[in-house]
Amino acid sequence: MTAWFKRKEKGIQTSTEEKKDTPKGLWYKSPTGKIVESEDLAKNFYVSPEDDYHVRIGSKEYFQILFDNNKFTELDEKLTSKDPLKFEDTKKYVERLKAAQKKTGLKDAVRTGFGKSFGKDMVICCMDFKFIGGSMGSVVGEKIARGIDYAIKKKTPFMMISKSGGARMMEAALSLMQLAKTSAKLAQLSEAGLPYISLCTDPTTGGTTASYAMLGDINIAEPGALIGFAGPRIVKDTTGKELPEGFQSSEFLLEHGFLDFISHRKDLKKKVNLYIDLIQNNPIRK
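In this text, all values refer to a predicted model and were calculated from it rather than measured experimentally. (Residues numbered from 1 in each chain as written. Predicted model: local features only at pLDDT ≥ 70, side-chain atom pairs only at ≥ 80, totals over all residues. Heavy atoms only, no water.)

Some points on the packing of aromatic side chains
The test is simple: Pairs were defined over the aromatic rings of Phe, Tyr and Trp, the Trp ring being its six-membered one, requiring ring centres within 6.5 Å. Orientation was assigned from the angle between planes: stacked under 30 degrees, edge-to-face over 60, tilted for the rest. Strands here mean DSSP runs of E at least two residues long; helices mean DSSP runs of H or I at least four residues long; both are numbered from the N terminus. Accessible area is worked out with a 1.4 Å probe on protein chains only. A residue is then buried under 20% of its type maximum, exposed over 50%, and partly exposed in between.
Applying the stated criterion across every chain, the model contains seven aromatic pairs. Plain terms: the ring middles of Phe 114 and Tyr 150 are 5.1 Å apart, the flat faces sit at 75 degrees to each other, and that makes the pair edge-to-face. One end of the pair, Phe 114, is in strand 4 (residues 110-117); the other, Tyr 150, is in helix 4 (residues 138-154), with 36 residues separating them in the sequence. Phe 114 gets classed as buried once you look at its relative accessible area, which sits at 14%. Measuring from centroid to centroid gives 5.6 Å for Phe 158 and Tyr 196, while their planes differ by 35 degrees, and the two rings are tilted.

What follows is the structure, encoded as C-alpha cells:
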C-alpha cells in the first residue's frame with residue numbers, strides 16, 4: 001500500500017508564478033474575536049458587522065467615505081519634512097522618514113483633500129497613523145494651516161480627522177510650535193465665519209488633543225476611540241488616583257462633556273453635512 005503523502009518523484013520544483021499563495025488580508029479578526037471577510041469589511045465602512053468594532057483606517061478610506069464618488073483634489077501632496085535638528089536615536093530621523101515614506105506610500109502623517117461632500121465643497125485634512133504613529137511634526141502643522149487657508153479662500157467648511165500619537169519627538173520644540181500655529185489658523189477660520197468639524201478617531205492623543213482636535217465648532221468621535229492627552233499610566237501616577245472604567249474612551253468623554261456626538265462611520269458623511277447645514281443656517285440636504 002502506497003501512502004498518498006509519500007512523494008515518489010524527487011526534486012520536484014514549482015515556479016514562483018505557479019505557487020498558490022493565500023491572499024493576504026482575506027480575513028480580519030476584531031479584538032473581540034469576530035472574523036469577517038476583508039471584502040465585506042470594506043463594504044461595511046471598515047466596521048466589523050458582528051460587533052460594530054471600528055477598524056483603524058487612513059486618509060484613503062476616509063476620503064472615499066466622505067467625498068462624493070471619491071473625487072477630490074489633493075493639496076500640498078509633495079510637502080515633506082526636513083531634519084533641521086540632525087536628530088538621531090537608534091536611527092537617523094532622515095532614515096526614519098525615508099523608511100516610512102517607502103512603507104506607506106505617504107509623504108507625511110496628514111493628507112489634505114478638497115472636493116464635494118453631499119454636493120457642496122469642503123476641505124478635509126486627515127491624519128494617517130501608519131506614518132510614524134501619526135506624529136505631529138512641522139509638515140503636519142503646515143499642511144493643516146494651508147488647508148485652513150484654502151478653506152478661507154474658497155469660503156468652504158473645514159474638517160479635521162485626527163489619529164495621532166502626539167507630537168513628533170524628532171522635531172522637538174518645532175513640533176510643539178504646531179499646536180499654537182494650527183490653533184491660530186483655526187481662530188482665523190472662525191473669524192471668517194466658516195464651520196470647523198473635528199473628528200477624533202482611535203487614537204487621538206498628546207499635542208493633537210491639546211490643540212486642533214478639541215477646537216471644533218462640533219467635536220465628534222467614532223465609537224470606542226481612545227482620546228486623551230497623557231496615557232492612563234501617567235495620569236494615574238500624577239493624580240495618585242484609580243482611574244474609572246472606560247477612562248479616555250469616546251463614550252466616557254461624551255458623558256463628561258468633552259464631545260458633542262459619537263458617530264457611527266456609516267452615518268459619518270450624513271451627520272457631518274447635517275451639522276454644517278445647521279451651523280450655517282442652510283436648508284438641510286437629504
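Next comes the rest of the description.
Brief notes about helix 8 (residues 268-279)
Test applied: Multiplying 1.5 Å by the helix residue count minus one yields the expected span of that helix.
Taking 1.5 Å per residue, twelve residues should reach 16 Å; helix 8 reaches 16 Å between its end C-alpha atoms and fits that length. What helix 8 keeps buried is the set Leu 268, Lys 269, Val 272, Asn 273, Tyr 275, Ile 276 and Asp 277. Looking one or two residues past helix 8, Asn 281 carries a phi angle of roughly 55 degrees, positive in sign.

Focus on the sheet that holds strand 7 (residues 196-204)
Convention followed: In short, DSSP must find at least two bridges between two strands for them to pair. Contacts are residue-level and defined by heavy atoms, with any inter-residue pair within 4.5 Å sufficient. Convention adopted: a line fitted to C-alpha atoms gives each axis, helices being fitted over their contacting stretch, and angles between N-to-C directions are expressed from 0 to 180 degrees.
As summarised here, the arrangement of the seven strands in space is 3-4-5-6-7-8-9, forming an open sheet in which the pairing is mixed. Two strands lie at the open edges of the sheet, namely strand 3 (72-75) and strand 9 (261-262), each paired on one side alone. Of the pairings in the sheet, the one linking strand 5 (residues 120-127) to strand 6 (residues 158-164) comprises four bridges and is parallel in character. The residue bridging Cys 125 from the neighbouring strand is Met 160, located in strand 6. Each of strand 3, strand 4, strand 5, strand 6 and strand 7 is contacted by helix 2 (residues 59-66), which is oriented at about 10 degrees to strand 4, the strand it contacts most.

Some details on the pairing of strand 6
Basically, it comes down to this: Here the term right-handed applies to a crossover when the path leading from its first strand over the helix to its second strand runs clockwise, the strands being oriented away from the viewer.
Across the seven residues of strand 6, seven count as buried, placing the element largely inside the fold. With burial as the criterion, each face of strand 6 is covered, one bearing Phe 158, Met 160, Ser 162 and Ser 164 and the other bearing Met 159, Ile 161 and Lys 163. Handedness of the crossover is the feature at issue here: the chain leaves strand 5, passes through helix 4, returns alongside strand 6, and the resulting connection is right-handed. Bridging between strand 6 and strand 7 involves six bridges; their strand directions are parallel. Counterpart to Met 159 in the pairing with strand 7 is Ile 197. Chirality of the crossover, the property in question, places the unit of strand 6, helix 5 (residues 172-191) and strand 7 among those that are right-handed.

Notes on the nonpolar core
For clarity, the threshold we go by: Residues belong to a common nonpolar core when they are buried Ala, Val, Leu, Ile, Met, Phe, Trp, Tyr or Cys residues joined through side-chain atoms within 4.5 Å.
Within the largest apolar cluster, 26 residues are counted, with the highest numbers of intra-cluster contacts made by Val 140, Ile 144, Phe 158, Met 160, Leu 189 and Tyr 212. Among the elements of the structure, helix 3 (93-104), strand 4, strand 5, helix 4, strand 6 and helix 5 are those that each provide at least two residues to this core. Ranked by residues supplied to this core, first place goes to helix 4 with four residues. Apart from the residues lying within four places of it in its own chain, the contact partners of Phe 158 are Val 123, Cys 125, Ile 144, Gly 147, Ile 148, Ala 151, Leu 186, Leu 189, Pro 195, Tyr 196 and Ile 197.

Regarding a nonpolar patch on the surface
Spelled out, the test is: Residues enter patches when their relative accessible area tops 30% and they take part in no salt bridge; the joining distance is 9 Å for like charges and 5 Å for the nonpolar side chains Val, Leu, Ile, Met, Phe, Trp and Tyr. For the area figures, the Shrake-Rupley method with a 1.4 Å probe applies, and any residue is considered shielded solely by the protein chains shown. For salt bridges, the criterion is a side-chain nitrogen of Lys or Arg within 4 Å of an Asp or Glu carboxyl oxygen.
A surface patch of nonpolar side chains, about 320 Å² in accessible area, is lined by Leu 26, Trp 27 and Ile 35. Along the chain, Ile 35 falls in strand 2 (residues 35-37).

A closer look at the state of the cysteines
Cysteine pairs can be linked by a disulfide, which is a covalent bond between their two sulfur atoms. Cut-off, in case you're wondering: Two cysteine sulfurs form a disulfide in these notes if their separation is within 2.5 Å.
For the structure on display, the rule yields zero disulfides. The closest cysteine sulfur to the non-disulfide-bonded Cys 125 is located on Cys 126, 8.9 Å from its own sulfur. Relative accessible area serves as the criterion here: at 0%, Cys 126 is assigned to the buried category.

Thoughts on the pairing of strand 7
Two faces, one strand: in a regular strand the side chains alternate between the faces of the sheet. Within strand 7, nine of the nine residues are buried, which leaves the element mostly enclosed by the surrounding structure. Two elements, strand 7 and strand 8 (residues 218-221), share four bridges in a ladder whose sense is parallel. When the sheet's bridge partners are listed, Ser 198 is paired in strand 8 with Asn 219.

With respect to the environment of Thr 238
Rules: Side-chain atoms alone can form a polar contact between residues adjacent in sequence; in general such a contact is a pair of N or O atoms within 3.5 Å, and within protein one must be able to donate a hydrogen while the other accepts it.
Looking at where Thr 238 falls in the secondary structure, it is placed in helix 6 (residues 232-239). Separated by 2.7 Å, the side chain of Thr 238 and the backbone oxygen of Ile 234 make a polar contact.

Quick word on the pattern of salt bridges
Two side chains of opposite charge can pair, provided their charged atoms sit close to one another. Applying the stated criterion across every chain yields a total of 17 salt bridges. Here Lys 43 ties to Glu 39 by a salt bridge, and the two come within 3.5 Å at their closest N and O atoms. Of this pair, Lys 43 and Glu 39 both sit in helix 1 (residues 38-43), four residues apart, which is roughly one turn of that helix. Just as Lys 43 is exposed, Glu 39 falls in that class too.

A closer look at the packing of helix 4 against helix 5
What counts, and what does not: Angular relationships are summarised with four words: roughly parallel below 35 degrees, roughly antiparallel beyond 145, roughly perpendicular across 65 to 115, and oblique for the angles in between. Ten residues, namely Ala, Val, Leu, Ile, Met, Phe, Trp, Tyr, Cys and Pro, are considered nonpolar, four, namely Asp, Glu, Lys and Arg, are considered charged, and the remaining ones, Gly among them, are considered polar.
The interhelical angle for the contact between helix 4 and helix 5, taken along N-to-C directions, is 10 degrees, at an axis separation of 8 Å. In terms of axis orientation, helix 4 runs roughly parallel to helix 5. Listed contacts from helix 5 to Ser 138, Gly 141, Glu 142, Ile 144, Ala 145, Ile 148, Asp 149, Ala 151 and Ile 152 of helix 4 are Leu 174, Gln 178, Lys 181, Thr 182, Lys 185, Leu 186, Gln 188 and Leu 189. By residue class, the composition of the contact of helix 4 with helix 5 is eight nonpolar, five polar and four charged.

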